[in-house]
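Secondary and tertiary structure notes
Take a look at the letters that make up each chain.
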Amino acid sequence: MKLQTVNTNEEREYIVHQTAQAFLSRAQKHDEENTFPMENIQELKEIGYTTLTIPKEFGGAGLPLADWLSLQEVIATYDGSTSLSIGWHMGIITQIIENRSWPENILDRVLYEVLHEGKLLNAAASEPETGSPTRGGKPTTTAKNEKHSWVINGRKSFTSMAPALDYFIVSATMEDGQVGNFLIHRSAPGVKIEETWNSIAMRGTASHDLYLKNVRIPADHFLEVIHPGKKSPAGWLLHIPACYLGIAQAAQNFAIDFAKSYSPNSLSSAIKDLPNVQVKIGENEADLIQARYFLYGVAKKWDTSSQNERLEMQSELSSVKYHVVNSAVNIVDRAMRVVGAQSLFKENPIQRYYRDVRAGLHNPPMDDRTLVSLASKAFERTE
Ligand SMILES: Cc1cc2nc3c(=O)[nH]c(=O)nc-3n(C[C@H](O)[C@H](O)[C@H](O)COP(=O)(O)OP(=O)(O)OC[C@H]3O[C@@H](n4cnc5c(N)ncnc54)[C@H](O)[C@@H]3O)c2cc1C
């Protein structure tokens, strides 16, 4: 059933649950074999998921941020890698439409292809030389203007969803020293994906290296000038905490099921009746409730704010990411303590949640940036 045929987010959540159930059984295989869950992405396309964040005036469903995040969270309870991967695509779409900084013909064409041909895109911004681009490092990837076209050379790391992407939004330094974003189709000569991704966390994101050798693209595929390390507040980045919250919920669900069924012969009933187990499950519930209120409270504020008001929301957005991801790490840890040593068994998904949830610490914005920025705002306020 297509998501576009229903009216409420409860109905959408139901459809996404139905679709994503299969992701859980595939997650273990993709994690062990370090492969990409292409079939998950295909099934999300089939229910119309990948176009949901396109605004109505462009022919999409125009889903508000808070509604979209709740669907991202649902997907993550089944497979964090699928949620994070598709989250980049859907979030970046909202950003390019909000910014309207791309050439109009390119924006229209890309949106048409996303809507009608199921095309997917993501930013290839990180490089081994820059570390996280949010810290302001200049890309060593270069863009040279030659005879009404651009020639791009360089290497990008961490390109999530690389096997499924149609377009890469590549940041590169131009000859005049400015940095720009360029649109590169995966079929362009000189584009090569090197399957380098061998992380212990979020293995199913296939965040491989993108290698660009003399890739020639038309002049209008130069999208916009960017300023590394300086970004306006972006509500869509909340798909990151939504993803890790979903992973934490999955760990809590696993711990609850385990506690209901594990009954060692030192006890007359299952461990769920033990106060020490109940305290941990209860602490997790309290953290989940708090994280959800914070995430969706700020997302709803974003949905109802004007462009100008949104410019003032950076502290709230970064604090959500900081609190929710750190809570998610703690929730998975407590869930593992409930399960005991079996939480370390490879056949149990909770050991994957433990590895996956840590990746959240290394998605933007990073904690140190958030805390230093909050501190400097606090000092300014009291000057
Ligand atoms: C699962 C996953 C998916 C990802 N998907 C994508 C994607 O699709 N596209 C994409 O472009 N990127 C992606 N990334 C990359 C991500 O955005 C970061 O670029 C990457 O994780 C590197 O971050 P880092 O913290 O290791 O690097 P760094 O920023 O280099 O940080 C490493 C350490 O050095 C310190 N450090 C480095 N530079 C500074 C500085 N200037 N000031 C202060 N401290 C500094 C940090 O505090 C930290 O301790 C992904 C990452 C992960 C984990």
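Predicted model only: the values in this text are computed from it and were never measured.

1. As for the packing of aromatic side chains
- On inspection of all chains with the given rule, the structure shows six aromatic pairs.
- For the pair Trp150 and Phe182, a centre-to-centre distance of 5.1 Å together with 65° between the ring planes defines the contact as edge-to-face. Taken together, the residues Trp150 in strand E3 (residues 149-159) and Phe182 in strand E5 (residues 179-185) connect sequence positions 32 residues apart. Across this residue pair, the class does not change: Trp150 and Phe182 are buried.
- Taken together, a centroid distance of 5.3 Å and an interplanar angle of 40° make the contact between Phe182 and Phe222 tilted. Pair noted here: Phe182 is in strand E5 and Phe222 is in strand E8 (residues 222-226), with a separation of 40 residues, a long-range link.
- By relative accessible area, Phe182 is classed as buried at 0%.
- Residue classification places Phe222 among the partly exposed positions, given a relative accessible area of 23%.

2. A few points about the site of the ligand
- The local shell around the ligand holds 20 residues, among which Asn122, Ser126, Arg135, Phe158 and Ser160 are the closest.
- Within the backbone of Ala123, an N or O atom sits 3.0 Å from a nitrogen atom of the ligand.
- Measuring from an oxygen atom of the ligand, one finds a backbone N or O atom of His362 at 2.9 Å.
- Burial of the ligand by the protein chains amounts to 65% of its free accessible area of 960 Å².
- Of all the secondary-structure elements, those providing two or more residues to the shell around the ligand are helix H4 (80-99) and strand E1 (121-124).
- Counting residues per element, the shell around the ligand draws most heavily on E1, at three residues.
- Both of domain 2 (122-226) and domain 3 (235-381) provide at least three residues apiece to the shell around the ligand.

3. Points about the pattern of salt bridges
- Considering all chains together, one arrives at 21 salt bridges under this definition.
- Note that Arg310 and Glu98 form a salt bridge whose closest N and O atoms lie 3.6 Å from each other. In this pair, Arg310 sits in helix H8 (residues 307-310) while Glu98 sits in helix H4, placing the two residues 212 residues apart along the sequence.
- Looking at Arg310, the relative accessible area reads 13%, which means it is buried.
- Salt bridges sharing common partners tie together Arg109, Glu113, Glu117 and Lys119.

4. With respect to the pairing of strand E2 (residues 142-146)
- As judged from the five bridges shared by E2 and E3, these two strands associate in the antiparallel manner. For Glu146, the partnering residue across the bridge sits in E3 and is Ser149.
- Where E2 hands over to E3, the hairpin turn is made up of two residues, of which Lys147 adopts a positive phi near 40°.
- Here E2 runs beside strand E4 (residues 167-174); their pairing, made up of two bridges, is parallel. Considered in E4, the bridge of Thr142 is made with Thr173.

5. As for the UniProt feature "domain: Acyl-CoA dehydrogenase/oxidase N-terminal" (unreviewed entry) in the protein
- Under the feature "domain: Acyl-CoA dehydrogenase/oxidase N-terminal" (unreviewed entry), the UniProt entry names residues 18-98.
- This span, residues 18-98, is 72% helix and 0% strand, and a straight line between its end C-alpha atoms measures 31 Å.

6. Structural notes on the environment of Val298
- Note on placement: Val298 falls in helix H7 (residues 275-304).
- It is 19 Å that separates the C-alpha atoms of Val298 and Ile92, two residues lying 206 residues apart in sequence.

7. Some points on the domain arrangement of the protein
- Segmentation of the protein into domains returns domain 1 (3-118), domain 2 (122-226) and domain 3 (235-381).
- Centre-to-centre, using C-alpha coordinates, domain 1 lies 22 Å away from domain 3.
- Opposite the 25 residues of domain 1 that make contact, domain 3 presents 30 residues.
- On the domain 1 side of the contact with domain 3, Leu65, Leu69 and Glu73 bury the most area, a combined 26% of that side's loss.
- Linking domain 1 with domain 3 are three salt bridges.
- Ionic pairing is found between Arg355 and Asp31, a salt bridge with its closest N-O pair at 2.7 Å.
- At the boundary of domain 1 with domain 3, the tally comes to seven residue pairs in polar contact (both at pLDDT 80 or more).
- Looking at the side of domain 1 that touches domain 3, the elements that each hand over two or more residues are helix H1 (9-33), helix H3 (65-78) and H4.
- Sorting elements by how many residues they give to the side of domain 1 that touches domain 3 places H4 first, with 10 residues.
- Among the residues forming the side of domain 1 that touches domain 3, the class breakdown is 11 nonpolar, 10 polar and four charged.

Rules and cut-offs
Residues numbered from 1 in each chain as written. Predicted model: local features only at pLDDT ≥ 70, side-chain atom pairs only at ≥ 80, totals over all residues. Heavy atoms only, no water. Phe/Tyr/Trp six-rings, centres within 6.5 Å; stacked < 30°, edge-to-face > 60°. Helix = DSSP H or I, 4+ residues; strand = E, 2+ residues; numbered from the N terminus. Buried < 20%, exposed > 50% of the residue type's maximum accessible area, 1.4 Å probe, protein only. Near = heavy atom within 4 Å. Polar contact = N/O pair within 3.5 Å; in protein donor to acceptor, adjacent residues only side chain to side chain. Areas by Shrake-Rupley, 256 points an atom, 1.4 Å probe, with all protein chains shown as cover. Domains from an automatic or database assignment. Salt bridge = Lys/Arg side-chain N within 4 Å of Asp/Glu carboxyl O. Pairing = 2+ DSSP bridges. UniProt positions renumbered as here; feature names shortened; annotations may be inferred. Contact = heavy atoms within 4.5 Å. Buried area = accessible area lost by both parts, 1.4 Å probe. Nonpolar A, V, L, I, M, F, W, Y, C, P; charged D, E, K, R; others polar.

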